[in-house]
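Chain residues, written in single-letter form:
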Amino acid sequence: MFNDHKSTNRTLALFVFLVSLVLYMLTMAPTASFWDAGEFIAVAHGLQVNHPPGAPFYSLLGRIFSMFMPTSYVAVSINFISALASALTVMLLYLIIVRLVREWQPDPDAMTGSDKIGMFGGAILGAFTFMVTDTFWFNAVEAEVYALSMFFTAAVVWMALKWSEHHEEPYSERWLVLIAYMFGLALGVHLLNLLALFFVALVIYFKKQDVTLLSMAAVGVVSVISFLVIYPFTVQMLPSILDNITRASYGLIGPVFFIILIIGGLCYGLYYTHTRGHRIANLVMLSYTMILIGYSSYSVIFIRSIADPPIDENDPETVEAFISYLEREQYGQTPLLTGHTYDNAQGRINQQEQVFFPRRYSPQHLQQYSEYSSDWDYFLDYQLNHMYIRYFNWNFIGREADIQDTGWQAGFSESPYEDNPAHNNYFYIPFLLGLFGMIFHFQKDWKRALSVLALFIMTGFAIIIFLNQTPMQPRERDYAYVGSFFAFAIWIGMGGVGIVELIKEYARGNKYLSYGVLGLLLAAAPLWMGYQNFDDHDRSERYVAPDYAWNLLQSTAPNAILFTNGDNDTFPLWYLQEVEGVRTDVRIVCLSLLNTDWYIKQLRDQWSHESAPLPISLTDQEISEITQSLTLHEPDTINIPVNKELLRNAFSGDDAFKEAIGVKPDTSLQLYQEGTDFGMPVDSLDNEVSWYYQGRSAGQDQQGNPRYYTQVQDKVILDILETNQWVRPVYFANTVSPSSQMNLHSYFRFEGKAFRVVPKKHSGAGGYGWMNTDIHTDRLNKFRFREWNNPDVYFDENIRRMLGNYRYGITQLAETFNKMGQPDSAAKWLAWGEQKIPFHHVQDNVNSLVLYAYAYAKNDATDNALELAEKGTEKIIDDLSYHMQRYDRLQDRIMELDAAAKSAKQSADLEAQGRLRSQIQNVVSQRQSLGNEIGYSISHLTILQRIYYMAGEDEQAGALAERVNGITMDRIGLPTSEEENKAQIEQYNID
């Protein structure tokens, strides 16, 4: 087999590709996922416009993959793009490692058998290890841009090495031209691919130039200039230049003429450099032309926006809007090298002084910034350690859990997350292999090793500096660094090569020993990692996101206006409407976008399928004014009248309803009158909706008085409520934050998964409003729960938290039945809820489990209550024991730091004092957070103790108190009698 290098190499590459493709297809999501996947599928299928800066080439590719597919296969066909691109990336990684090894090895046909075993075996080891890494596998099984972007990066690296091998042959420059075209195409997917340019530059440099300090500096300068020419000049500044020229020429030079000028200039440059024999200049011109050809996919954004599709984010149909879209203006500016930063002495952002390398610039995160002594402290501890090294360790050392902000572990220490599906132990094996491989690579071929190091740094550390991330990110961001993990996987392959080299040197190249060691390495790294990671990366039966969207849409009456919170509330709904055509009569209003002028105007002026434009009375001028800045708000009572005569007429018939919402009665569009009323007589409604609105907290003024403000979305919501005159149904998703619900709880009617604003006040309504059990249960009976009760389906933290939201809604329904004197109905719906969404894994669902068990107990379903209580007790006890041990260790650490701080004060060591103060503050913050966790555990155990008392299990309740008091050493404990327990429960206000 090893006699013919080319056929062997191709066969093994195909083998690597097929294994990867099969793995990703087996674990691929069958439909839309949470976060951006739903948006990408909806946008690609309908060639619409997604969030800035867009991914037009990805959308075109998604359209090709899905355009001939039945509706039920559209999502999986677009998901398949990621699986296919990822499998190709793994194959290219194998080929890259082989080519890197050949840089120092002799001709393949002259290599010894041991050398071939090392080269092919090491390449397979590196490729398969990367195949099952946490981050790359996550990206490979859903519709996102990162898998395709990683493919372009791998392709560019491989092509650079391909050029390197043939650089002395005629026409070898075609590989460089092709690389430029790949860069251009990749701009229409994601900008991360562009960072591979520095790897390409070093590969070219080491082949064409002698290594000197001056030439090394020169290639660095040329690389940076090349990068800046592509981004930001070509991507962002070129459209701005077009706009400036159009303005300066008073419209004489428009977009078409400007494009003709650019094309003409490039053609002349190509002709001139070719005819005059300027080979390098001609290559540069040709490469830049190819980049522009690839970048031209962005014309799709401009063209499709003009068509006003339902998803048209930022509405980039004018040159000005298109420039704003490309520059991501809606996300604000992030300082990189200079800017204002947090001042520890002042406790705020110092706007009077600009500093170098500002890291703490966000006014919304002052409390978090105060925990760090300086910008460098914040950069090293949070941005570098927490937001990169932690992710790196997840992939090559081990992951602790899938809970937000949890750390890494190798498998050698105890952890409270042993039962978490994402608790994955690698025992440092991939990391040590990669570390050894890096050292081995630098020994054998320091030039190519330095090129790989540049790729590793530019796709890792450089991104950290560029992103300049703020604290409290809404989700983990490891997907941004997958290029860095790709580079490290090259060294894992080199580690395998190096180990076989050692066998060759010290065991005389024993073939069987080489095979045996490679087999052991394959089992210890990719096979073991795949085993560890499979359960938390298998999404083959996960339908939660589209079912969540279905349930939310089915919770609303026809022609409803539905306010949603953000990505996970909105994108699955967009997918369901745009791809599957479900409930397109409902107008989804994303509150995070409702703070932008373009979105308000779209809602006001445009139809979306069967949904008419929204009742917004604001003019363009008023919209421009309110979106310019935040304004202070004076708390006051808001009154909106209820025109009952108008409502009677609107609800009297189909044509009357159309006329009331501003639609011509003779329209052919089907708008249903049924269900648009409130399900109660119009005369029973209040004459006006009146409530006190305080606004959002804006701190205090100089006199210490509280201040409040309103966001743009708050003003638009109020305008819609007033202009709508209660004709179209208005809903808030029950995941919308309380601060965005406008304090309307007294008028909320809980229907399935949404709150309908009904002009009928209920003084006793809580955070979930009031409930009509007939309407609510009717909504629940329409819900979908595909595979939600399958114990083998993995639900990540985000989904588990969402399931808790469902369970809380069911306990609210049971509580309502209980107050109505219908405990049997309450118990029936609790059982229905547990059947649809069972507690298979306690994990971080402790709160919903405890409240669910307590709801059972209150409705005399004793057996169900005790079963859940038993399931939760041991988990909470284990957590409490672990947290108490950590709490005691933190106490000891604080004492040590206090002693060190006193010593530093006595010796007048100001630098040490500042460093120790920061450390003490950080540890105290950890202790406070841990104290809160301990308090939650005690509260949950107190409720479980109450369940035991209610079930007549007094002995078990007492034993639980003794266990808890023993763990806490009587510093905090459970009540010791039923009377004390009952009194404590009353303070929790859960009855």
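### Overview of the packing of helix H33 (residues 862–906) against helix H35 (residues 954–968)
With their axes 9 Å apart at the nearest point, H33 and H35 run at an angle of 15° to one another. Viewed along their axes, H33 and H35 adopt a mutual orientation that is roughly parallel. Considering how the two elements wind past one another, H33 and H35 form a crossing that is right-handed. Counted together, Glu870, Thr873, Glu874, Ile877, Leu880, Ser881 and Met884 of H33 and Gln956, Leu960, Arg963, Val964, Ile967 and Thr968 of H35 form the full contact between these two elements. A per-class count over the contact of H33 with H35 returns 6 nonpolar, 4 polar and 3 charged.

### A word on the environment of Gln364
On the secondary structure map, Gln364 appears in the loop between strand S2 (348–356) and helix H15 (366–369). The class for Gln364 is exposed, based on a relative accessible area of 64%. Counting along the chain gives 206 residues from Gln364 to Trp158, while the straight-line C-alpha distance between them is 44 Å.

### A short note on the side chain of Ser33
Position of Ser33 among the secondary structure elements: in the loop between helix H1 (5–27) and helix H2 (37–46). Using a relative accessible area of 6% as the deciding quantity, one classes Ser33 as buried. In this structure the side chain of Ser33 is engaged in a polar contact, spanning 3.5 Å, whose partner is the side chain of Arg539. Those residues within four positions of Ser33 in sequence are excluded, and the remaining contacts are Gly38, Glu142, Arg539 and Ala545.

### Let's talk about helix H12 (residues 279–295)
Given a rise of 1.5 Å per residue, 17 residues ought to cover 24 Å, and the 24 Å separating the end C-alpha atoms of H12 matches this to within 8%. Within the sequence span of H12, burial applies to Asn282, Ser287, Tyr288, Thr289, Ile291, Leu292, Gly294 and Tyr295. The inward-facing, buried residues of H12 contact helix H8 (173–187), helix H10 (213–248), helix H11 (255–275) and helix H14 (319–326).

### Structural notes on the pattern of salt bridges
For the structure on display, the rule yields 36 salt bridges. A salt bridge links Lys504 to Asp115; its shortest N-O distance comes to 2.9 Å. In this pair, Lys504 sits in helix H20 (residues 482–506) while Asp115 sits in helix H5 (residues 113–131), placing the two residues 389 residues apart along the sequence. Residue Lys504 is classed as partly exposed on the basis of its relative accessible area, which comes to 33%. Its relative accessible area of 6% is what places Asp115 among the buried residues. Close ionic contact of Asp402 with Arg800 constitutes a salt bridge, the shortest N to O distance being 2.8 Å. Of this pair, Asp402 sits in the loop between strand S3 (398–399) and strand S4 (424–425) while Arg800 sits in helix H30 (residues 797–819), and the two are 398 residues apart along the sequence. Take Arg800: its relative accessible area is 3%, and that puts it in the buried class. If you follow the salt bridges from partner to partner, you end up with Arg749, Glu751, Asp778, Arg779 and Lys782 in one network.

What counts, and at which threshold
Residues numbered from 1 in each chain as written. Predicted model: local features only at pLDDT ≥ 70, side-chain atom pairs only at ≥ 80, totals over all residues. Heavy atoms only, no water. Axes fitted to C-alpha atoms, helices over the stretch in contact; angles between N-to-C directions. Helix = DSSP H or I, 4+ residues; strand = E, 2+ residues; numbered from the N terminus. Parallel < 35°, antiparallel > 145°, perpendicular 65-115°, else oblique. Left-handed = near helix turned anticlockwise from the far one by under 90°. Contact = heavy atoms within 4.5 Å. Nonpolar A, V, L, I, M, F, W, Y, C, P; charged D, E, K, R; others polar. Buried < 20%, exposed > 50% of the residue type's maximum accessible area, 1.4 Å probe, protein only. Polar contact = N/O pair within 3.5 Å; in protein donor to acceptor, adjacent residues only side chain to side chain. Expected span 1.5 Å × (residues − 1). Salt bridge = Lys/Arg side-chain N within 4 Å of Asp/Glu carboxyl O.

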